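Here are the chains, one letter per residue:
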Amino acid sequence: MSMNREGRPTRPQDAEATSETFTGNRALMLEEPLLFEIGDATLTGVDLEAAPQAESRLGGLERSRPIGLAGLSEPETVRHYTRLSRQNYAIDLGLFPLGSCTMKHNPRLNEKVARMPGFADVHPLQPVDTVRGALEVINELAFWLIDLTGMHGVAMSPKAGAHGELCGILCIRAALEARGDAREVILVPESAHGTNPATAAFAGYRVENIPANADGRVDLEALKERLGKGGEGDCDVAGVMITNPNTCGLFERDMKAISDAVHEAGGFVYCDGANFNAIVGRVRPGDLGVDAMHINLHKTFSTPHGGGGPGSGPVVLSEALCPYGPIPFTAKTKDGVVHLVEEENAAEFDHNDSFGRMVAFHGQMGMFTRALAYMMSHGADGLKQVAEDAVLNANYVLRSLEHVLDAPFGKSGPCMHEALFSDKGLADGFSTLDIAKALIDEGYHPMTMYFPLVVHGAMLVEPTETESKAALDQFIGALRSVAARAKAGDKSLHAAPVHAPRRRLDETAAARKPVLVWREPEVAEAAE
Ligand SMILES: *Cc1c(COP(=O)(O)O)cnc(C)c1O
């Protein structure tokens, strides 16, 4: 019997005998072996004659053994991947409450537009004259991103939020270097997404924490004190990285005062804009004194994401940072033509101080078209409603559950787009993990857990604006029921999930010692 480290079974057949079937399948939940266990290298799924022997031109470097791929027929292959796909949870199957990730419905219209051959089939090495339409799209999207954020310019090429963070921090570094002011420290709140301190460290800065107040927001006084350390004109703080709304789901109300204090000390303000969907159309980060902010197009402006991509993280920049922004970018001249500004023509466009390039080509065309389609189909009023509905839905979840689950900042007023709970009040021996696993049995992907780190056993729920009240009510009902079981000490919760294809995995081993290569059973056994 296979067990995880806590002694809980990992396979369905290890649980109650009642779930056993001859096939291992349970109704429409089909067990699926690996490709190599279905077919083997001696079989072939295709009916081709052996290729004629030709003289090798590889100079002795040819493969000495067969490649060992399993031979499968087309129906076997199709079934394999279709069965696997059915074991996935997806936003098109149900509510995806992951906080911080903004997993919302992706309108099909975006997909249709992104697949138009003029956009989908462009090649990054095509002559610029043949991709005028694509450049127009990039430039138009850039215009709206600048308009929505109240900023001065935008770097479109970063390929994800974290990449955008690096872009923004490199702009800050270039701006400081240009004035001969080498500073060493970036301040980051404790609740920050892990990419923030990682980015600052990657860019060569020392990371220091900004303390939070009891409200779950940046402690302005503590920040001011830190900025003042070192005395007049001797500040070592290059900048701050602040997420707004923050990862506790709260709006940083002091943002303008924070920016003013940082600017006064000669530093720059980086805003993590991953949560922009909570304020789009309502708040312009530029008005809050932000110098650089990435926008996760794949979160705020829709695009199917997860599982590592694809993403797109344009960075809007203040007037002070714009001269240092990366190439390439698009610029429209008076004659209405959109140009691609690169190394060769940067001087022509007065962009000599760029810190350089982040990517080989021009960014994520597929995401640009989706984001622009999303913006255009929503319009100004629709985008504002996105923010309002995201906040409304999260507050509905917060207020519906705060009597069952501890809401550490519930008293700080309404939340923004995500509701945060802690494990306080669960029966002894019950944890956030038990709740998350039981949600799988209820047919939901679990919420974000154990993040942000500032809350014990955190559960971060982001329902997003695209869920109906009926869908929210069902989710709330499920979470309420599971939470009640955890508070009452219902031991059966420890076995959850019991209805899923697998039980609890040894997640640490899976992350630290992943088995990524299939080996023939005898070889694998010999190696053990
Ligand atoms: C998602 C996220 C990021 C990182 O964005 P990626 O596109 O995944 O690189 C950074 N900060 C916050 C708050 C996020 O939610």
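Residues numbered from 1 in each chain as written. Predicted model: local features only at pLDDT ≥ 70, side-chain atom pairs only at ≥ 80, totals over all residues. Heavy atoms only, no water.

Caption draft 1: Representation of the sheet that holds strand S11 (residues 448-449) in the model. The sheet built from 3 strands is open, its strands ordered S10-S12-S11 with antiparallel pairing. Of all strands in the sheet, those with a lone pairing partner are strand S10 (419-421) and S11, marking the two edges. Relative to strand S12 (residues 459-461), S10 runs antiparallel, the two being bridged by 3 bridges. From the neighbouring strand, Phe421 faces S12, where its bridge partner is Met459. Where helix H11 (residues 365-401) meets the sheet, its contacts fall on S10 and S12, and the angle it forms with S10 comes to roughly 30°. (Pairing = 2+ DSSP bridges. Helix = DSSP H or I, 4+ residues; strand = E, 2+ residues; numbered from the N terminus. Contact = heavy atoms within 4.5 Å. Axes fitted to C-alpha atoms, helices over the stretch in contact; angles between N-to-C directions.)

Caption draft 2: Representation of the pattern of salt bridges. Throughout the structure, instances matching the rule amount to 27 salt bridges. Between Arg502 and Glu31 there is a salt bridge whose closest N-O contact spans 3.2 Å. Within this pair, whereas Arg502 is found in the loop between helix H13 (469-488) and helix H14 (507-512), its partner Glu31 is found in the segment before helix H1 (35-38), the two being separated by 471 residues in sequence. Sharing partners across several salt bridges, the network here consists of Glu184, Arg206, Glu208, Arg226 and Asp236. (Salt bridge = Lys/Arg side-chain N within 4 Å of Asp/Glu carboxyl O.)

Caption draft 3: Quick peek at the packing of H11 against H13. One way to put it is that H11 packs onto H13 with a least axis distance of 10 Å and a crossing angle of 30°. Accordingly, the angle class assigned to the pair H11 and H13 is roughly parallel. In this structure, the crossing between H11 and H13 has a hand that is right-handed. The segment H11 lies against H13, with Asn393, Tyr396, Val397, Ser400 and Leu401 engaging Lys469, Leu472, Asp473, Ile476, Leu479 and Arg480. Counted by class, the contact of H11 with H13 contains 6 nonpolar, 2 polar and 3 charged residues. (Parallel < 35°, antiparallel > 145°, perpendicular 65-115°, else oblique. Left-handed = near helix turned anticlockwise from the far one by under 90°. Nonpolar A, V, L, I, M, F, W, Y, C, P; charged D, E, K, R; others polar.)

Caption draft 4: Quick peek at the site of the ligand. Taken together, Ser100, Ala160, Gly161, Ala162, Glu165, His193, Thr195, Asp272, Ala274, Asn296, His298 and Lys299 make up the full set of residues adjacent to the ligand. In the model, an oxygen atom of the ligand is placed 2.7 Å from a nitrogen or oxygen of the Lys299 side chain. Bound to the protein, the ligand loses 86% of the 380 Å² it would expose on its own. The set of elements that each furnish at least two residues to the shell around the ligand consists of helix H6 (161-178) and helix H10 (297-300). At 3 residues, H6 tops the list of elements feeding residues into the shell around the ligand. A breakdown of the residues in the shell around the ligand according to their chemical character gives 3 nonpolar, 6 polar and 3 charged. (Near = heavy atom within 4 Å. Polar contact = N/O pair within 3.5 Å; in protein donor to acceptor, adjacent residues only side chain to side chain. Areas by Shrake-Rupley, 256 points an atom, 1.4 Å probe, with all protein chains shown as cover.)

Caption draft 5: The pairing of strand S2 (residues 185-189), seen in detail. Summarising burial for S2: 5 of the 5 residues are buried, a large majority. Burial along S2 is two-sided: the face carrying Val185, Leu187 and Pro189 and the face carrying Ile186 and Val188 are both buried. Relative to strand S3 (residues 206-210), S2 runs parallel, the two being bridged by 5 bridges. For Val188, the partnering residue across the bridge sits in S3 and is Asn209. What joins S2 to S3 is helix H7 (residues 195-202), and the crossover it makes is right-handed. In the sheet, S2 pairs with strand S4 (residues 237-243) via 3 bridges, with the strands oriented parallel. Each bridged residue has a counterpart across the sheet, and for Val185 the counterpart in S4 is Val237. (Buried < 20%, exposed > 50% of the residue type's maximum accessible area, 1.4 Å probe, protein only. Right-handed = clockwise from strand over helix to strand, strands pointing away.)

Caption draft 6: Seen up close, the nonpolar core. Among the nonpolar cores identified, the biggest contains 57 residues, and Leu141, Leu145, Leu227 and Phe301 are the most heavily contacted of them. Broken down by secondary-structure element, the contributors of at least two residues to this core are helix H5 (132-149), S2, helix H8 (220-228), S4, helix H9 (255-264), strand S5 (268-272), strand S9 (338-341) and H11. Mapped onto the domain boundaries, this core takes at least three residues apiece from domain 2 (110-371) and domain 3 (381-512). If you look at the next biggest cluster of nonpolar residues, it comprises 32 residues, including Ala407, Ala427, Leu472 and Ala483. (Core = buried A, V, L, I, M, F, W, Y, C linked by side-chain atoms within 4.5 Å. Domains from an automatic or database assignment.)

Caption draft 7: The packing of helix H12 (residues 432-441) against H13, seen in detail. Contact geometry of H12 with H13 gives a least axis separation of 10 Å together with a crossing angle of 135°. One element, H12, and the other, H13, form an angle in the oblique class. In this structure, the crossing between H12 and H13 has a hand that is right-handed. For the pair formed by H12 and H13, the contact residues are Ile435, Ala438 and Leu439 on the first element and Phe475, Ala478, Leu479, Val482, Ala483 and Ala486 on the second. A per-class count over the contact of H12 with H13 returns 9 nonpolar, no polar and no charged.

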